[in-house]
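Commentary on secondary and tertiary structure
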Amino acid sequence: MTPQSKVKVLTSKGQGQSSGKTTTTMHDSPYSLESACKDLYTDMSVFQFIEFIQMPQSLSDQSIVPHTKVTKVETVLILMLVSSVTLIQTQLTCPSGSGGSCQYTNIGLVPTDNQLPNQHYYIGGLFGVHDRALDAYSCQDAPIRERGLLNMEAFHWAIKEYGTGQNISIGGVALDSCSRVEQTIENILSFETCKVGFGNLNAVSPRNLLAYVGPDRSTEAMAVATLLKDMNKTQVTHAATSPDLNDPDMYPFFLRAVPSDEHDATIIAKMLQTLNIRYVLGVYLGNSYGRGGFEALKSKLEGTCMVYETEMPVMATDDQLEAIADELIQREATRYVVVYADAANARKLLNAVQTRDTTKVQNLYFIGTSSWADNTAVTDNLYVNAYTLDLTTPAGQLTTDVAKFYQYLNTVKPSTNSWNPWFQGYWNDKLQCGQRTCNEASDSLTGRYTPDVYVPYTILAVRSIIEGVRMAALAACGKYDLCSNLLNQENRGQRIYGAIGDTTFFNNRELANNYISYRILKFQVSTGYTEVGTYAPGSGSPLNMAAQPALSNSCPDSPCLVCGEVPPSPSTTTVRTTAAPVVTTTDPTEGGKYKFIRFMAGQHFTGVYSSSIRMDNEYGTRFDIGQKWIIALGVLAGVGCVAVLVFEIYILFKLLGTRIGRQWRTMWLGQLLLFGIFLSYLTLFAFLFIPTKATCGIIRFGIGVSYATIYSVLLVKLMVILTSTTSESLIPGDVESPNYLKGIYQFLMFIFAVGVQMVIDVQWLIQVPPEAVKVMTNGGEVAWVCNHFTWSVDHGWGDMENFVRSEFENHLLSLVYVMFLIVITTIVAMRAHGIITNHRESVFIGIVAGFSIPIWIAWGLVGGLNKKLDDGHQFGDACLAFGLFIVATLALFSMFLPKVRQLINMGVEGIYLEDDRDTYYNGSVIMAPPSYKSRPSSVVYANSGGVYSDPIIIGNGGDPNAVHLKHPGSGSTLSAPIYLRKGDNYGTESIRGTKVLRVTGELTGKNPKKPSSEIGHYRKAQSESGTLRKAVSHQNLGSL
């Protein structure tokens, strides 16, 4: 439509005239400008409208306002109005053609009898008419869902029942969600943004669709409530019962015309209390309905303990159902199982339990919610016992309305049902028209359907909207009329929502108590469903229940530790200041097998010994339960083990077959250090698994012993270094010196240092035997943890939030002795840091011990300060593991990388220049270093690459490469050249005219009164093979 033709329609006001004469001008009425713009916007895009206001002045004057010139100011005002209209597009009539080419006909539509903006409105309905298909494209091929179709029929019936005789025409448009939340949102959003259109006769406009009824699933209802919050439109659900929808901040336009699951939870809790049921099992559906309702139930339990609970996936596989069934069967002594699931999923669970064990399923009593009610499809061909809740319609107008609806449904025929496109398919299915010839004249739906529990609340939801809109119109417009003061964007949401919520049907967003009534049913195979009680929150006595036979009911564990019952013989960690009377009582459910002991309030205990049944799927790695930090730990531990093996193989390869390789007394400390590091890496693998009795024991014993082994070896090494400085031996490393710490003393010192920690760990394992127990974490989830935590009698041991000390804190206390070793090792290393023995090994020991202190402080603080987090137990385990890894790796590379360098340089005298300057003096000639406690001496020792007692050849000539020695006590200015040994085979006294200098006993320091040097011949000298050792790298590695 062109702007010119639109102008003619606008000016003639529907009279069909095209002349310039007008009956109404924009200035004749204060409402005419806004009304004209809105009407114009109905069939014109924003761009066409802008073109219209920019037409030549002559056309404007002739067509719209012949007596008024459109000024620039008015043009700006019109542009501002266009912008406002654009912003509220979803609140007005859609532009022409926006949905015309995409008319959505797959809807249930009861049209209004007019399209006047202020004389009609629609109510939207959201129903799951079809079951959820296998994919998003096969909705129409999925089976028709009886609940969805019956409630849609009730929705249309209520609109026609209560919408007639009104000043305003009321219509209804029902949409099929195909049991998918995505489809529900798409239906609303496409319509509200004018992407699709509904209906040809008196088409539905977003401006005049004032509220929605539904959907019937809580998950879908939450999504819809979130969307309608942004659209300022009211939602009244007829079947979404999750307590999560109670949040007024999240869902400000949500009303519930059906009892919340809070009522189901209240009834079940009171019923358990009335039947004196102490223990109960729980299975809940993994959606908002199941989780929300089950949490509400647990918060209301009084005198009943939930000893086991598990989540059943919405689309549970056979394997998952079998696993849940096995859990329930193994706990059959508890007898009662609360099932928070809809009818279809409840049927799947019951069938799985019966399939696993047809005998034990009869020992269980299932307790269902109102979603199960008296639905025989849940229990057909099953040998189960159950209690269920059934929503009923209170006596009064609502009961009359429900009866009238079902009378109508029994008479409706496909040929007369023009508002429901799926009714024909439902009719054919119920009357089996594919197997017989159906006749509308004689056939009906009477007795062929199951009345749905939510039909009364669908009728009530429609009634509440109609009544609320009437009240809102009277308050905003002064009469029953949909004026702009009611429907503008700013007012429509709160006015209509508030008016509907103020009707007698609601109380604080929830259905009023006088519309709530329940029956408590008991199902047995022999009798079917029978009523055993009622619940009416609006009455003075809400719960009335007939007496039921008492059944034995016990916890799977006795005593029931998960419920806070005290174990019979725990080990205490506190000192009793006053004698407490001990009273024992026989447990009647176990034939006197167990005793209960009463303790004074405030008593603390460490250790729990639970006989909880553990299923196969509760074993495995921590990765299986989402603890991904073990991936890094496993990789690092494996790399560490390989590194230790590589070091060990290299050291043995370099030393075996050599003189030092045959002297294990100089290697055993190094080998023990490698063993301690290797043991640390092996212990880390115990952290990879979900805690078990074995892994808990390995962790508790392995961590302490690994640490103690590492630091004990380092401490013994330091003592060896310190004692070597007091030797009278002139040569460092002389293991035969009288003050050198002997091997036996080294061994005893190591055993004592390690033995203290071993005694601590063994005593702890005896007093508190390792075990894995199931507790509730800070985050509210169930987890297996090691049992060495401390708990209080006042709160029990089942909840991590109530622990006196966590297992991490107790483990840290068991390592106090290791902390003492670290401090002592650090202090001794500082004392020995200037000693150059064994290539300044004391410096590297100091690095290991010194850096261990901040590492321990770091992982101790991280684990301790985060214990109250939802995953606090994971922080503790991770800190223990990674702390051990870092310390072990620090010791490995700090202590053994220098050894590798020394082994690589084997055969080259001197590794560190500073050490060489002090000890070796570059090869052949050395003298006693001044740092050792030996008196000043003029004794000069000659070394030619062998031991000091090996011969050195004295040359006859002046070889410039020879070292010339001057006799220390001689006044001669002459010096003798000293040559390096040419080989080991000296068979004569002279070799090529040279003479041999032999080191005698006097030179070794053993006979200090004799001359300090002499030139000997090939006669055997007193100490020809003296005790001084060769000062090259492979003989000065010390304790490898």
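What counts, and at which threshold
- Residues numbered from 1 in each chain as written.
- Predicted model: local features only at pLDDT ≥ 70, side-chain atom pairs only at ≥ 80, totals over all residues.
- Heavy atoms only, no water.
- Pairing = 2+ DSSP bridges.
- Helix = DSSP H or I, 4+ residues; strand = E, 2+ residues; numbered from the N terminus.
- Axes fitted to C-alpha atoms, helices over the stretch in contact; angles between N-to-C directions.
- Contact = heavy atoms within 4.5 Å.
- Salt bridge = Lys/Arg side-chain N within 4 Å of Asp/Glu carboxyl O.
- Buried < 20%, exposed > 50% of the residue type's maximum accessible area, 1.4 Å probe, protein only.
- Phe/Tyr/Trp six-rings, centres within 6.5 Å; stacked < 30°, edge-to-face > 60°.
- Lys NZ or Arg CZ within 6 Å of the ring centre and 35° of its normal.
- Disulfide = S-S within 2.5 Å.
- Polar contact = N/O pair within 3.5 Å; in protein donor to acceptor, adjacent residues only side chain to side chain.
- Parallel < 35°, antiparallel > 145°, perpendicular 65-115°, else oblique.
- Left-handed = near helix turned anticlockwise from the far one by under 90°.
- Nonpolar A, V, L, I, M, F, W, Y, C, P; charged D, E, K, R; others polar.
- Patch = residues over 30% accessible without salt bridge, like charges linked within 9 Å, V, L, I, M, F, W, Y side chains within 5 Å.
- Areas by Shrake-Rupley, 256 points an atom, 1.4 Å probe, with all protein chains shown as cover.
- Lys, Arg positive; Asp, Glu negative; His and termini not counted.
- Charge placed at Lys NZ, Arg CZ, Asp CG, Glu CD.
- Expected span 1.5 Å × (residues − 1).
- Bend = angle between axes of the 7 residues up to and from the residue.

What follows is about the sheet that holds strand S5 (residues 234-237). One open sheet holds the six strands; their spatial order is S1-S3-S2-S4-S5-S6, and the pairing between them is mixed. Pairing within the sheet leaves two strands with one partner each, and these edge strands are strand S1 (108-110) and strand S6 (254-256). Ignoring which end each strand starts from, the neighbouring axes of this sheet average 20 degrees apart. Helix H6 (residues 146-163) rests against S1, strand S2 (120-127), strand S3 (169-176) and strand S4 (209-213) of the sheet, and its axis sits at about 175 degrees to S3. In the packing of helix H7 (residues 181-192) onto the sheet, the strands contacted are S2, S3 and S4, and the crossing angle to S4 comes to about 175 degrees.

Enumeration according to the criterion identifies 24 salt bridges in this entry. Here Lys300 ties to Glu262 by a salt bridge, and the two come within 3.2 Å at their closest N and O atoms. Here Lys300, found in helix H10 (residues 288-300), pairs with Glu262, found in helix H9 (residues 261-274); they are 38 residues apart in sequence, far enough to count as distant. Of the residues examined, Lys300 reaches a relative accessible area of 28% and is grouped as partly exposed. Exposure remark for Glu262: the relative accessible area of 28% places this residue in the partly exposed category. Across the salt bridge formed by Lys717 and Glu841, the nearest N and O atoms sit 3.0 Å from each other. Here Lys717 is found in helix H21 (residues 693-724), whereas its partner Glu841 is found in helix H25 (residues 837-865), with 124 residues between them in sequence. Summarising the burial analysis for this pair, Lys717 and Glu841 share the class buried. Taken together, the shared-partner salt bridges connect Asp374, Asp390, Arg519 and Glu531 into one network.

On to the packing of aromatic side chains. Each aromatic ring pair is summarised here by two numbers: the centre-to-centre distance and the angle between the ring planes. In the structure shown here, the tally under the stated rule is 26 aromatic pairs. Considering the side-chain rings of Phe191 and Phe198, the 4.5 Å spacing of their centres and the 10 degrees angle between planes classify their relative orientation as stacked. Overall, the relative accessible area of 2% leaves Phe198 in the buried class. In this structure an aromatic cluster arises from ring pairing among Trp157, Phe405, Tyr406, Tyr408 and Tyr449. Over the ring of Trp419 we find Lys160, and its NZ or CZ is 3.1 Å from the ring centre.

This part is about unusual backbone geometry. Cis geometry is found at the peptide bond from Gly214 to Pro215, where omega equals -10 degrees. Here Pro215 lies in the loop between S4 and helix H8 (218-231). Phi is positive for Asn232, which is not a glycine, with a value near 55 degrees. With relative accessibility at 24%, the residue Asn232 sits in the partly exposed group. Here the phi dihedral of Asn508 falls at roughly 55 degrees; this positive angle occurs in a residue that is not glycine.

As a further point, take the state of the cysteines. Applying the stated criterion across every chain, the model contains four disulfides. The disulfide bridge from Cys433 ends at Cys438, spanning 1.9 Å between sulfur atoms. Here the S-S torsion is close to -110 degrees, and the disulfide linking Cys433 with Cys438 is therefore left-handed. Linked covalently through their sulfurs, Cys696 and Cys786 form a disulfide whose S-S length is 2.0 Å. Measuring the twist about the S-S bond at about -90 degrees, one finds the Cys696-Cys786 disulfide to be left-handed. Taken together, the residues span a long stretch of sequence, with Cys696 in helix H21 and Cys786 in strand S22 (residues 782-786) at a distance of 90 residues. Of the two residues, Cys696 and Cys786, neither departs from the other in class, the shared state being buried.

With that settled, the discussion passes to the environment of Ile185. With respect to the helices, strands and loops of the structure, Ile185 is situated in helix H7. Judged by relative accessible area, which is 23%, Ile185 ranks as partly exposed. For the pair formed by Ile185 and Glu220, sequence separation is 35 residues and the distance between their alpha carbons is 8.4 Å. Contacts of Ile185, omitting those with residues within four sequence positions, involve Ala223, Val224 and Leu227.

Below, the discussion takes up the side chain of Gln235. Structurally, Gln235 is set in strand S5. Relative accessible area serves as the criterion here: at 0%, Gln235 is assigned to the buried category. At a separation of 3.5 Å, a polar atom in the side chain of Gln235 contacts the main-chain carbonyl oxygen of Ala221. Within the structure, Gln235 has its side chain in polar contact with the backbone nitrogen of Ala225 (distance 3.2 Å). With residues up to four places along the chain from it excluded, the contact list for Gln235 reads Tyr212, Gly214, Pro215, Ala221, Val224, Ala225, Leu228, Phe253, Phe254 and Leu255.

In the contact formed by helix H20 (residues 668-684) and H21, the axes pass within 9 Å of each other and the chain directions differ by 155 degrees. In terms of orientation, H20 and H21 fall into the roughly antiparallel class. Between H20 and H21 lies a crossing whose hand is left-handed. Residues Leu669, Gly670, Leu672, Leu673, Gly676, Ile677, Leu679, Ser680 and Thr683 of H20 lie in contact with H21, whose contacting residues are Ile698, Ile699, Gly702, Ile703, Val705, Ser706, Thr709, Ile710, Val713, Leu714, Val716 and Lys717. Residues belonging to the contact of H20 with H21 are distributed by class as follows: 13 nonpolar, seven polar and one charged.

Within the secondary structure, Phe155 sits in helix H6. Accessibility expressed as a relative area gives 0% for Phe155, which makes it buried. Through-space distance from the C-alpha of Phe155 to that of Leu126 is 9.9 Å; in sequence the pair is 29 residues apart. Discounting residues that sit within four places of it in the chain, Phe155 has contacts with Ile123, Gly124, Gly125, Phe127, Gly172, Val173, Ala174, Val213, Thr458 and Val462.

This paragraph deals with a negative patch on the surface. Where like charges cluster on the molecular surface, the negative patch consists of Glu781, Glu801, Asp870 and Asp871. Structurally, the position occupied by Asp871 is in the loop between H25 and helix H26 (872-904). In this structure Asp871 comes out as partly exposed when scored by relative accessible area, which is 38%.

Look at helix H22 (residues 743-767): 36 Å from first C-alpha to last across 25 residues, which is about the 36 Å you get at 1.5 Å a residue. Maximum bend of H22: about 30 degrees, positioned at Gly755. Here H22 has its buried residues at Gln746, Phe750, Ala753, Val754, Gln757, Asp761 and Trp764. Where the residues of H22 are buried, they touch H20, H21, helix H23 (807-813) and helix H24 (816-831).

This part is about the pairing of strand S14 (residues 518-524). Among the seven residues of S14, five are classified as buried, and the element is accordingly described as predominantly covered. Of the strand pairs in this sheet, strand S11 (residues 385-391) and S14 are connected by six bridges, and their pairing is antiparallel. Paired with Ala386 across the bridge in S14 is Phe523. Bridge count for S14 against strand S15 (residues 528-535) is seven bridges, and the pairing is antiparallel. By the bridge assignment, Arg519 is partnered in S15 with Thr534. What sits between the antiparallel neighbours S14 and S15 is a turn of three residues.

Here we come to the sheet that holds strand S16 (residues 543-545). If you walk across this open sheet you meet the eight strands as S8-S7-S9-S10-S11-S14-S15-S16, and the pairing is mixed. Of all the strands in the sheet, just strand S8 (305-312) and S16 have a single pairing partner and so form its edges. Put simply, the sheet's adjacent strands are angled 25 degrees from each other on average, direction ignored.

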